[in-house]
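Here is how the chains run, residue by residue.
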Amino acid sequence: MMRLFVYLLEGRDLAVKDSYVKLKVGKSKSKTRVLKNTRNPVWNEEFVFRVHDLEDELVLSVYQFNEDSGFFNVAGDLVGRVKIPVWSIVAEKNHYLPPTWFSLQNRKSLKSTTNKDYGKVLLTLSLQGRGEQVCSDHLLYVHPSCRAENTDEYGDKCVSSQDIFSCTPPTKKILEGKHLVKVIAGRLEKLFHKNEDASGTEDSSELSTTISDNEENLAEPTSNSNFEELIEMLQSSNEQKDMPENLEGGILLDQAYAIPPKDLNMLLFAPKSQFMRDLAELQGTTDVQEGPWTWKSADKSCLARVVTYPKAATKLVKTVKATEEQTYIKANGKEFIVFVDVNTPEVPYGNTFKVDLLYKITPGPELFSIEKSAHLVISWALNFHQSTMMKGLIERGARQGLKGSFEQFSDLLAKNLKVINLVNISDKGHTVATLQEERQSDWELATEYFWNFTVVAALFMVLYISFHIWLCGEFKLQGLEFDGLDLPDSVGEIITSAILVIQLEKVYDMVSHFVQARLKRGSDHGVKAQGDGWVLTIALIEGAKLASLDSTELPDPYVVFTCNGKSRTSSVKLQTLNPHWNEILEFDASEEPPSVLDVEVLDVDGPFDQACSLGHAEINFLKHTSTELADIWVPLDGKLAQSSQSKLHLRIFLNNTNGAETIRDYLKKMEKEVGKKLNLRSLHRNSAFQKIFGLPPEEFLISDFSCSLKRKMPLQGRLFLSARIVGFYANLFGHKTKFFFLWEDIEHIHELPPTLGTVGSPSLVIILSKGHGNDARHGAKYQDEEGRLHFYFHSFISFNVASRTVMALWRTRTLGPDQRAQIAEEQQDRDEKPSLFEDPSSYLIIQDAKLAKVLSVELPVNIRLVLQMFDGGDFEYRVMAKSGCLNYTTTAWEPVTPDVHERRISYKFDRSISVFGGEVTCTQQKMPFSSDGGWIVNEIMTLHDVPFGEYFRVSTLKLLYPPFPNYQGRRCN
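Residues numbered from 1 in each chain as written. Predicted model: local features only at pLDDT ≥ 70, side-chain atom pairs only at ≥ 80, totals over all residues. Heavy atoms only, no water.

### Focus on the packing of helix α10 (residues 274–282) against helix α11 (residues 391–416)
Helix packing geometry: the angle between the two helix axes and the distance between the axes. Contact geometry of α10 with α11 gives a least axis separation of 10 Å together with a crossing angle of 135°. On the basis of the axis angle, α10 is oblique to α11. Considering how the two elements wind past one another, α10 and α11 form a crossing that is right-handed. Residues Phe 275, Asp 278, Leu 279 and Leu 282 of α10 form the contact with α11, whose participating residues are Gln 408, Phe 409, Leu 412, Leu 413 and Asn 416. Across the contact of α10 with α11, the residue classes tally to 6 nonpolar, 2 polar and 1 charged. (Axes fitted to C-alpha atoms, helices over the stretch in contact; angles between N-to-C directions. Helix = DSSP H or I, 4+ residues; strand = E, 2+ residues; numbered from the N terminus. Parallel < 35°, antiparallel > 145°, perpendicular 65-115°, else oblique. Left-handed = near helix turned anticlockwise from the far one by under 90°. Contact = heavy atoms within 4.5 Å. Nonpolar A, V, L, I, M, F, W, Y, C, P; charged D, E, K, R; others polar.)

### Examining the environment of Thr 889
Among the structural elements, Thr 889 can be located in strand β34 (residues 885–890). The class of Thr 889 is partly exposed, set by a relative accessible area of 40%. Sequence separation between Thr 889 and Lys 908 is 19 residues; the distance between their C-alpha atoms is 9.9 Å. Apart from residues lying up to four places away in sequence, Thr 889 is in contact with Tyr 877, Arg 904, Ile 905 and Ser 906. (Buried < 20%, exposed > 50% of the residue type's maximum accessible area, 1.4 Å probe, protein only.)

### Considering the pairing of strand β18 (residues 534–544)
Within β18, 11 of the 11 residues are buried, leaving the element largely enclosed by the surrounding structure. Bridge analysis of β18 against strand β21 (residues 580–590) gives 7 bridges, and the strand direction is antiparallel. Among the inter-strand pairings, Ile 538 is bridged to a residue of β21, identified as Leu 585. Pairing of β18 with strand β25 (residues 647–656) involves 10 bridges; the strand directions are antiparallel. Looking at the pairing, Leu 540 lines up with Leu 650 of β25. (Pairing = 2+ DSSP bridges.)

### Focus: the nonpolar core
Burial of nonpolar side chains together is a common tendency in soluble globular proteins. Phe 561, Leu 597, Leu 650, Phe 791 and Phe 793 are the most contacted members of the largest nonpolar core, which has 67 residues in total. In terms of residue count, the dominant contributor to this core is helix α21 (residues 799–814) (8 residues). In contact with Leu 597, not counting residues within four places along its chain, are Leu 536, Ile 538, Phe 561, Thr 562, Cys 563, Phe 587, Ala 617, Glu 618, Ile 619, Phe 621 and Ile 652. Formed by 43 residues, the second largest nonpolar core is a distinct cluster that contains Leu 264, Val 342, Ile 394 and Leu 417. (Core = buried A, V, L, I, M, F, W, Y, C linked by side-chain atoms within 4.5 Å.)

### Regarding the packing of helix α19 (residues 660–674) against α21
In the contact formed by α19 and α21, the axes pass within 9 Å of each other and the chain directions differ by 120°. For the element pair α19 / α21, the angle class is oblique. Note on packing geometry: the crossing formed by α19 with α21 is right-handed. Counted together, Tyr 666, Lys 669, Met 670, Glu 673 and Val 674 of α19 and Arg 804, Thr 805, Ala 808, Leu 809, Arg 811 and Thr 812 of α21 form the full contact between these two elements. Residue composition of the contact of α19 with α21, by class: 5 nonpolar, 2 polar and 4 charged.

### A look at the packing of aromatic side chains
Counted under the stated rule, the structure contains 26 aromatic pairs. Relative to Tyr 888, the ring of Tyr 877 has its centre 5.4 Å away and its plane inclined at 85°; by these criteria the two rings are edge-to-face. Separated by 11 residues along the polypeptide, Tyr 877 in helix α24 (residues 874–882) and Tyr 888 in strand β34 bring together distant segments of the chain. Given a relative accessible area of 31%, Tyr 877 falls into the partly exposed group. With a relative accessible area of 9%, Tyr 888 lands in the buried category. Each member of the aromatic cluster is reached from another via a ring pair, and the members are Phe 227, Phe 269, Phe 275, Trp 293, Tyr 328, Tyr 359, Phe 406 and Phe 409. (Phe/Tyr/Trp six-rings, centres within 6.5 Å; stacked < 30°, edge-to-face > 60°.)

### Digging into the sheet that holds strand β2 (residues 19–25)
Strand order in the open sheet formed by 4 strands is β3-β2-β5-β6, and the pairing between neighbours is antiparallel. One side of each edge strand has no neighbouring strand; the edge strands of this open sheet are β3 (28–31) and β6 (78–85). Neighbour-to-neighbour, the strand axes of the sheet open up by a mean angle of 15°, direction not taken into account.

### A short note on the sheet that holds strand β19 (residues 557–563)
The sheet built from 4 strands is open, its strands ordered β20-β19-β22-β23 with antiparallel pairing. Two strands in the sheet have a free side with no partner beyond their single neighbour: β20 (566–569) and β23 (615–620). Neighbouring strand axes in the sheet, compared pairwise and without regard to direction, differ in orientation by 20° on average. Taken together, the 6 bridges between strand β22 (residues 596–603) and β23 define a ladder with antiparallel strand orientation. Residue pairing for β23: Glu 600 is matched across the bridge by His 616.

### Some details on the environment of Gly 727
With respect to the element layout, Gly 727 can be found in strand β28 (residues 725–732). Judged by its relative accessible area of 1%, Gly 727 falls in the buried class. Between the C-alpha atom of Gly 727 and that of Phe 740, which follows or precedes it by 13 residues, the distance is 4.0 Å. Not counting residues up to four positions away in its chain, the partners in contact with Gly 727 are Phe 693, Arg 718, Leu 719, Phe 720, Phe 739 and Phe 740.

### Observations concerning the confidence of the model for the protein chain
In this model, the protein chain carries an average pLDDT of 75, and 73% of its residues clear a pLDDT of 70 or more. Throughout residues 831–851 the model reports pLDDT below 50, and contacts reaching past four residues in sequence, or to other chains, amount to 39 contacts. Note that pLDDT drops below 50 for residues 966–973; the model gives that stretch 28 contacts with residues more than four away or on any other chain. (pLDDT = per-residue confidence, 0-100.)

### Here we look at a negative patch on the surface
A surface patch of like charges, here negative, comprises Glu 228, Glu 229, Glu 232 and Asp 263. No other element matches the 3 residues that helix α8 (residues 224–237) contributes to the negative patch. Relative to the assigned elements, Glu 232 resides in helix α8. (Patch = residues over 30% accessible without salt bridge, like charges linked within 9 Å, V, L, I, M, F, W, Y side chains within 5 Å. Areas by Shrake-Rupley, 256 points an atom, 1.4 Å probe, with all protein chains shown as cover. Salt bridge = Lys/Arg side-chain N within 4 Å of Asp/Glu carboxyl O. Lys, Arg positive; Asp, Glu negative; His and termini not counted. Charge placed at Lys NZ, Arg CZ, Asp CG, Glu CD.)

### Some thoughts on the pattern of salt bridges
The final tally for this structure, using the stated rule, is 16 salt bridges. The closest approach of N and O atoms between Arg 903 and Glu 876, which form a salt bridge, is 2.8 Å. One end of the pair, Arg 903, is in strand β36 (residues 900–909); the other, Glu 876, is in helix α24, and 27 residues separate them in sequence. Of the two residues, Arg 903 and Glu 876, both sit in the buried class. Counted as one network, the salt bridges with shared partners bring together Glu 747, Asp 784, Glu 786 and Arg 788.

Structure below.
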């Protein structure tokens, strides 16, 4: 029994927009899904048919989808049809036809004299089974013309359509392609007349198909040169695409290699790659069939190919066929992202899942030799199409199989390429120890600096002249000389004296330079940081291609690092454009992690302003991972530096020496500024926050608020505040908007009164400094004439709390003590009585709360008993449990002001209360209502894991007061 595998990839230039495909082999039938509103549908579907007779045909019919087909599901109009005899596939090498375009034919084309184009479809065919040898014999028997007819021209060769795809030789390829088309066309014509005489149905009038266009197939790229051209074309179309996250299954390989990213991409994905052949041989895989790289979309923004191969048998699974669809997500010359979709339908439960792989090739750490390297990360995920009870077993089996396969992959890659140890590069202790060993002593520096022709020549002349004077006899007065005045006796003496003076002047300048450099060497090298907290360590390795202020002299460069208002200075390197420092500089510990490191390279003799410096740079810690910072070449800005392409080689380490205590101390300090309690967020919430904005792991979330971003149209989202950034994120029906900027980027913050455009809510306006925050430009409402970006936020649940928090974090991060005190005094005047709502007095009357429903209950009980429902005791827990609240927890009441107390509550809904379940977190505040013992309890509820829960909040207001003074009991309203 043989099986015909049909891979229907896509269609092109179809006559209709809504289409689907029916396939038939013998009595077996199948069809694809319907694709609408496209003339270039992409199906990417696989079908398997049992073949009983080689005389059978694969009939592929494209139909227009008819929405009015009714109950009986009548097929729409026939667009075109393709008929492929099964025996024609046997002519292909290994009975496999790579991706090939087939033109559609329609009955109307028989009657028309014009050759109308009905479109084409891209197919891949493979015939497998026990009858492979029989298939070959059958083909030679049915078509003896392949070896007998016109033997002078074609010889005894019976070629396959795969030869059409090869690049060489072109003349032979065209001749053999024409011969094959001629043979197949004759066979199809014979079958056509046979069907017409037998049945006389309408299908018999349709023209059989021919093998796809020879011209298109000849243009399909398979060589390495064409592959490089395709990658270059792909770079221009997807250069702005973002780097995707690793797949959730885990990391299979994370390693750096001493090879440029472009070359590593060629090694792994170029056609007929020798590395992949060696890997297939190592893993026992044979008969690997690589399809050509082709454009998957009309705009040439997606490059893909199909690779099929039989997977070697294991103890549990026999040899099965695997199909990989490899697709380039990004290729910009430096970064290459390839997504691989692996299907193994023959394994147990193979139709219920597929394996996804993500290859990420990015620039690796730059080496001391300035040799380029590549960082390869391979992640995986398992996606289930259908639910199955064997999910856990399948996941364990897939994980074990992938682990074994990629261990072999890693070992083979390590044999072919030099492996870079990322652990040593990112290890601070290893770096410090290495640089201390490489540091030169003062004697070595002096020897290297003074050992040159100028010093040696001057020393030689001084010794020579001194020896000459010692050998000379008694001095005699001649000419105009007198006692105390000795004039040169010849022109030669004048020249010799001049040369000696010039040389001694140069030596004096060199000595003064050396002494000045030693005095200005800086005492920062090797000094350990003081205190506990965030410690910044910089290893200054070397510089390359530094500029010179004077074209006739070499510079004497040194580097100044500035972070959080503190500076560290390196030693001076004399007369060099490529200095080697190998110095360690540390900044004292700080309470919050630094955001930016300013770097400036200066000449010891040059002017000390930025415009005339040798170059400067700014390193944003939030835009680099710890691995990147552990070994980074920083290009310098400035007119001189950019013209010379100057850069510095640094290794930067940011460590928290006090762990979570540093964060807690920082939050306690901020509580005094904000005027409310700040809690350390959970690890899960911090991780989600870091993932949204792509932040390093040391960034921690302080607070977040629901609000609207005002642009042309208000956009509901959340404002996130951390120690270093202000970020906004919104997800409106899958359309995500996110941006962030640094606290240091903010020039001014002010508030605007409520307006109709902000739905009666005050606005918080954040203005950035000129030239800052350009990455967040899409979130700004406008840019003023001075080039400053303006951001408007409104519709806060509690505007006072949000404004107070933002102002406190900003002034703590950026302003001086005097500015902080002034802003704090202004803020205190506005916020004499902080609460959960903007104006507490407006809520004292029930109608002003504008609630959807007011509930009033009169109970003849003492109000103290009712208040027990809000004291966190056993009575409250029992009442809430009866109400359907699970896992109910509450904090103790904490005073915000003498009259206002606050607490936080969390619980889950019982399914009987909410079909979605869901979790609730809320904040309650209570305050006295009257002198008769009444109370106001205000509550703001946030619902999680419910539909659209992130777009609204629930506010409730409870008033507890006595009905009248003479009543002996108390009433709760």
